[in-house]
Amino acid sequence: MTEYNFAYLDEATKRMIRRALLKAVAIPGYQVPFSSREMPMPYGWGTGGVQVTAACLVPEDSLKVIDQGADDTTNAVSIRSFFEKVAGVATTESTADASVIQTRHRIPEAPLVAGQILVFQVPIPEPLRFLEPRETETRTMHALEDYGLMQVRLYEDIARHGEIARAYAYPVKVEGRYVMDPSPIPKFDNPKLNMSPALQLFGAGRECRIYALPPFTRVESLDFEDYPFTPSKAAGHDCAICGAQDSYLDEVITDDSGGRMFVCSDTDYCATRAAQMEANA
Amino acid sequence: MYVAVKGGARAIANAHAWLDEARRGDRDVPELGTDQIREQLSLAVDRVMAEGSLYDPELAALALKQARGDTIEAVFLIRAFRTTLPRFGGSLPVATADMQIKRRISATYKDAPGGQVLGPTFDYTHRLLDFGLAEGRDVPPAPMAETGLESAPHILSHLGGEGLMQAEPDGAGAVPDLTRDPLEFPAERALRLQALARGDEGFLLSLAYSTQRGYGRNHAFVGELRIGAVRVSAHLPELGFDIEFAEIVLTECESVNQFQGSKTAPAQFTRGYGLVFGQSERKAISMALVDRALRAQELGEDMSGAPAQDAEFVLSHCDNIQSSGFLEHIKLPHYVDFQAELELVRKLRRAAGADALPEAAE
Amino acid sequence: MDGLTPGFASPAVDAAHAFRAVLDTMAHPGRLVTLDGPAAPVPCSQAACVALLTLADATTPLHLAGAHDCKGMRDWVAFHLGAPLVGRSEAVFALGTWHALGPLAAYPQGVPDYPDRSATLIVEMADLQANGTRLTGPGIEDAAYLSLPDTDALRANASRFPLGLDFLFTHGAQLAALPRTTKLGDG
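Residues numbered from 1 in each chain as written. Chains lettered and ligands numbered in written order. Predicted model: local features only at pLDDT ≥ 70, side-chain atom pairs only at ≥ 80, totals over all residues. Heavy atoms only, no water.

Asks: I'd like a description of the overall build of chain A, backed by residues and values.
Replies: Tallying secondary structure elements over chain A gives seven helices and twelve strands in all. Relative to the compact-globule value of 19 Å for 281 residues, chain A shows a C-alpha radius of gyration of 19 Å, a close match. The dimensions of chain A, computed from C-alpha atoms along their principal axes, are 55 × 55 × 35 Å. The buried share of chain A, reckoned over its 281 residues, is 66%. Residue pairs in contact within chain A that sit at least 24 positions apart in sequence constitute 61% of those at least 6 positions apart. Taken as a whole, chain A presents about 9800 Å² of accessible surface, with 51% of it coming from carbon and sulfur. Of the side-chain charges in chain A, 27 are positive and 39 negative, and the distance between the mean point of each set is 7 Å. (Helix = DSSP H or I, 4+ residues; strand = E, 2+ residues; numbered from the N terminus. Rg over C-alpha atoms; globule rule 2.2 N^0.38 Å. Buried < 20%, exposed > 50% of the residue type's maximum accessible area, 1.4 Å probe, protein only. Contact = heavy atoms within 4.5 Å. Areas by Shrake-Rupley, 256 points an atom, 1.4 Å probe, with all protein chains shown as cover. Lys, Arg positive; Asp, Glu negative; His and termini not counted. Charge placed at Lys NZ, Arg CZ, Asp CG, Glu CD.)

Given below as structure tokens:
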């Protein structure tokens with residue numbers, strides 16, 4: 001065997017994933033089971049996202065892959081080169097130039113536009129899993145729209161900590177019906193899920209689930225009237241490279257005496273801003 | 001000024017080159033051939049075939065070589081290859097009663113038609129290092145029986161004749177396929193056995209052991225353990241007949257477990273079942289014990305909450321490609337979610353007045 | 001198998017293009033797209049043919065309704081898809097005119113635990129226009145319009161959310177979609 005099919009997966013597998021994707025789009029926020037395949041990278045390393053991307057790609061696509069917001073993290077580099085090899089698609093680091101973006105743990109800072117597809121890699125798709133380990137139980141909770149346990153847990157957080165103590169993978173409610181795990185994005189990114197013009201697809205390979213947010217879908221972060229949701233990021237800092245005040249920041253330790261600096265986690269956003277500053281200077 | 005680390009692609013390429021070199025080891029030592037692995041590390045090859053769920057000793061040997069002897073990595077290579085193969089159809093059930101027996105023992109009967117055949121077993125070897133092997137001593141041919149080994153009926157069929165062993169329903173109809181449909185609960189026995197057959201040997205061994213120690217105890221005897229070659233055939237509807245296309249070695253274990261009868265059902269033994277590619281009796285026995293433990297509910301036994309009785313727990317965690325992938329993924333960057341957590345903890349500490357504490361207390 | 005029309009010229013790439021178009025319609029209810037590709041036997045439209053080649057196979061039972069349940073189509077399905085032909089209650093996909101497909105209640109609607117296990121109906125239309133019934137809901141920024149056959153039945157379908165059917169409407173090479181989430185009319 002020397003030649004793999006376009007985008008690696010065989011056609012029967014792609015049809016199966018494509019059918020699951022259409023049902024996922026038709027039932028926003030609901031996790032559609034799909035018969036995830038073993039991929040040539042380990043479970044937990046983006047196999048769900050890779051399968052969704054492979055099922056969506058056309059040769060004319062321009063693909064961007066980010067991990068932690070960055071195009072140059074090792075796993076992003078690895079997945080990008082996989083698709084260069086098996087699908088022959090063009091790749092880009094520019095959010096604006098990408099037609100398909102596969103991401104792990106971030107939504108790009110630059111607003112997405114109509115026609116773009118954002119594919120999330122998802123480790124644990126079940127938002128209720130941290131409350132109840134059994135699939136048989138959580139499936140029933142979704143069916144009955146019984147999210148009382150989640151409300152109780154979030155309220156316990158408030159009682160103990162004075163706020164909902166979840167910083168990432170902050171659960172959302174989609175179109176007033178399904179509670180959904182947005183993947184481990186920081187809650188700073190949650191507002192970007194809501195009414196996005198882009199199509200957002202979520203793939204969890206090991207857990208065999210696909211779900212979706214069609215464009216212009218209502219996505220609310222769970223909260224309470226007296227404890228409203230607040231997105232958060234490193235307080236009181238600007239990006240040390242581009243000076244951005246509105247981007248999500250990585251903290252970098254610079255020396256062994258407590259020195260640290262903050263830089264944009266979205267490398268394309270940061271580089272674009274830095275280049276503009278240089279051009280304007 | 002700070003500059004983000006670049007060069008991921010080159011770092012990866014260099015790491016892979018180093019891996020290649022490390023795999024080869026000292027070039028003054030002759031390179032290992034996959035034929036040597038296949039012939040001389042055959043139980044490792046068998047395990048890779050079993051958990052990779054692909055019967056191909058050549059490929060399994062190659063995977064072991066490529067994986068530097070790491071079994072799970074080799075299983076992963078085989079699984080990732082297997083998933084790209086086209087599927088032409090399903091085989092007919094293999095007739096293990098017609099197995100060309102290499103090894104066959106029963107712990108429940110001293111003798112039975114077909115006899116006890118020890119075969120190539122470690123069982124009664126004294127575990128003393130054989131330093132002669134290091135020096136490449138001669139291996140004389142083993143004595144052969146005058147007549148070739150015959151196939152033999154299953155020992156538990158003798159119990160079945162007396163009605164002492166619960167009969168298993170014929171597996172007619174479509175068999176569920178774990179690799180084509182996502183796992184769903186409750187999982188029927190055929191699906192459970194499928195998952196166990198490709199499950200991690202160590203995981204199943206520990207679970208089986210836990211039942212022996214009382215976590216879902218089910219009093220197992222090894223009714224029969226047999227290892228040998230069986231023929232595999234398929235029905236070709238276009239041609240209207242069956243065609244034999246392979247011969248594979250299997251290990252099969254049937255355990256005999258006690259079962260309290262009820263008012264409506266007289267006392268009867270029940271069975272646990274294990275079937276594994278290649279010679280892998282530790283796995284086959286473990287599988288039989290876990291299979292039996294997972295039948296607790298359908299047999300109306302006390303569910304003691306033992307892990308081995310919990311199908312959702314066992315089936316969700318027995319696959320070592322899933323578990324090792326997810327376990328090892330936590331070494332990938334998590335800067336973003338860690339940063340989010342860091343900010344949250346700082347905020348909660350500020351709110352609690354902890355920022356007044358000296359830095360050294362952190 | 002004489003006289004059978006061809007399938008995709010380049011299966012992987014053609015199916016990829018077709019799927020993106022179908023995904024685009026399902027993600028934007030009411031949006032009209034053109035599905036390029038081979039034609040199926042009469043009376044099947046090109047768009048329906050391409051959608052089936054893209055999505056259906058031996059694992060997806062198919063219901064052919066009315067005039068679409070003809071020898072030409074049955075042969076085409078057997079050769080190109082291998083999909084088992086079934087009655088309404090077992091269908092994953094169904095193909096026919098609106099009139100021939102009904103009643104909607106006869107198709108799998110999904111179950112509360114698995115609302116995805118519902119049929120997708122491919123409705124062959126005599127005409128398909130981006131006007132008529134006002135559509136709102138996920139995938140639609142403000143409002144979209146589509147010439148739908150029977151708004152009462154479709155509204156009833158949407159009211160069963162998260163259960164319910166999803167629809168592809170086809171006419172010639174044109175395709176539009178209506179998932180169960182879309183609200184019809186001003187209500």
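Asks: Could you give me a rundown of the overall build of chain B, with the residues and numbers involved?
Replies: A tally of regular secondary structure across chain B gives 13 helices and four strands. When the backbone C-alpha atoms are referred to their principal axes, chain B occupies close to 80 × 65 × 55 Å. Counting every position in chain B, which comprises 362 residues, the buried fraction comes to 37%. Considering only contacts in chain B between residues 6 or more positions apart, those separated by 24 or more positions represent 66%. Only carbon and sulfur atoms are counted for the fraction: they give 57% of the accessible area of chain B, which is about 21400 Å². If you average the places of the 37 positive and of the 52 negative side-chain charges in chain B, the two averages end up 4 Å apart.

Asks: Describe the interface of chain A and chain C, listing the residues and the values that go with them.
Replies: Chain A puts 38 residues into the contact, and the matching count from chain C is 41 residues. Interface area, chain A with chain C, both sides summed: about 3100 Å², of which 66% is carbon and sulfur. The largest contributions to the chain A side of the interface with chain C come from Arg19(A), Leu22(A) and Lys23(A), which together make up 20% of the buried area. Linking chain A with chain C are four salt bridges, by the criterion used here. The interface formed by chain A and chain C includes 16 residue pairs in polar contact (both at pLDDT 80 or more). Its residues assigned to classes, the side of chain A that touches chain C comprises 24 nonpolar, three polar and eleven charged. (Buried area = accessible area lost by both parts, 1.4 Å probe. Salt bridge = Lys/Arg side-chain N within 4 Å of Asp/Glu carboxyl O. Polar contact = N/O pair within 3.5 Å; in protein donor to acceptor, adjacent residues only side chain to side chain. Nonpolar A, V, L, I, M, F, W, Y, C, P; charged D, E, K, R; others polar.)

Asks: Please set out the domain arrangement of chain B residue by residue, giving values where relevant.
Replies: Residue and element names in this part refer to chain B. Under the domain assignment used here, chain B contains domain 1 (14-82) and domain 2 (96-120 + 148-166 + 181-318). Of note, the centres of domain 1 and domain 2, computed from C-alpha atoms alone, are 29 Å apart. Taken together, the twelve residues of domain 1 in the interface contact 14 residues of domain 2. With both sides pooled, the region where domain 1 packs onto domain 2 buries about 1000 Å², and carbon together with sulfur makes up 53% of that total. Where domain 1 touches domain 2, the interface holds two salt bridges. Measuring nitrogen to oxygen at the nearest pair gives 3.2 Å for the salt bridge that ties Arg47 to Asp200. (Domains from an automatic or database assignment.)

Asks: Go over the nonpolar core, please, and point to the residues and values.
Replies: Counting 93 residues, the largest nonpolar core has Leu21(A), Phe83(A), Leu201(A), Leu35(C), Trp76(C) and Leu81(C) as the members making the most contacts within it. Element by element, the count of residues in this core is highest for helix 1 (residues 11-27) of chain C, at ten residues. Judged by nonpolar contacts, the second largest core, of 28 residues, contains Leu196(B), Met287(B), Leu294(B) and Val314(B). (Core = buried A, V, L, I, M, F, W, Y, C linked by side-chain atoms within 4.5 Å.)

Asks: Any chance you could break down the interface of chain B and chain A for me, citing the residues and the numbers?
Replies: If you look at the interface, chain B gives 43 residues, while chain A gives 60 residues. Of the roughly 4400 Å² buried between chain B and chain A on both sides combined, carbon and sulfur atoms contribute 60%. The interface formed by chain B and chain A includes five salt bridges. Here Glu38(A) and Arg79(B) are joined by a salt bridge, their closest N and O atoms 2.6 Å apart.

Asks: Tell me what's going on with the packing of helix 3 (residues 42-52) of chain B against helix 4 (residues 57-66) of chain B, and back it up with residues and numbers.
Replies: Residue and element names in this part refer to chain B. With their axes 9 Å apart at the nearest point, helix 3 and helix 4 run at an angle of 105° to one another. As judged from the angle between their axes, helix 3 and helix 4 are roughly perpendicular. Of the residues in helix 4, those in contact with Ala44, Val45, Val48 and Met49 of helix 3 are Pro57, Ala60, Ala61 and Leu64. Here the contact of helix 3 with helix 4 is built from residues that sort into eight nonpolar, no polar and no charged. (Axes fitted to C-alpha atoms, helices over the stretch in contact; angles between N-to-C directions. Parallel < 35°, antiparallel > 145°, perpendicular 65-115°, else oblique.)

Asks: Describe in detail the domain arrangement of chain A, supporting the description with residues and values.
Replies: Where the parts come together, the accessible area they lose is often given as the size of the interface. Residue and element names in this part refer to chain A. In terms of domains, chain A is made up of domain 1 (11-125 + 171-221) and domain 2 (233-281). Taking only C-alpha atoms into account, the centre of domain 1 sits 26 Å from that of domain 2. Opposite the 15 residues of domain 1 that make contact, domain 2 presents nine residues. The largest per-residue losses of area from domain 1 upon contact with domain 2 belong to Arg106, Glu109 and Phe188, which jointly make up 49% of the total buried on that side. Joining domain 1 to domain 2, the criterion identifies zero salt bridges. Residue composition of the side of domain 1 that touches domain 2, by class: five nonpolar, four polar and six charged.

Asks: Go over the environment of Val219(A) with me, naming the residues and quoting the values.
Replies: All names here are of chain A. Within the secondary structure layout, Val219 lies in strand 10 (residues 219-221). Take Val219: its relative accessible area is 7%, and that puts it in the buried class. When the C-alpha atoms of Val219 and Tyr178 are compared, they prove to be 9.8 Å apart, with 41 residues separating the residues in sequence. Once residues within four sequence positions are removed from consideration, Val219 is found in contact with Val172, Lys173, Leu193, Asn194 and Leu213.

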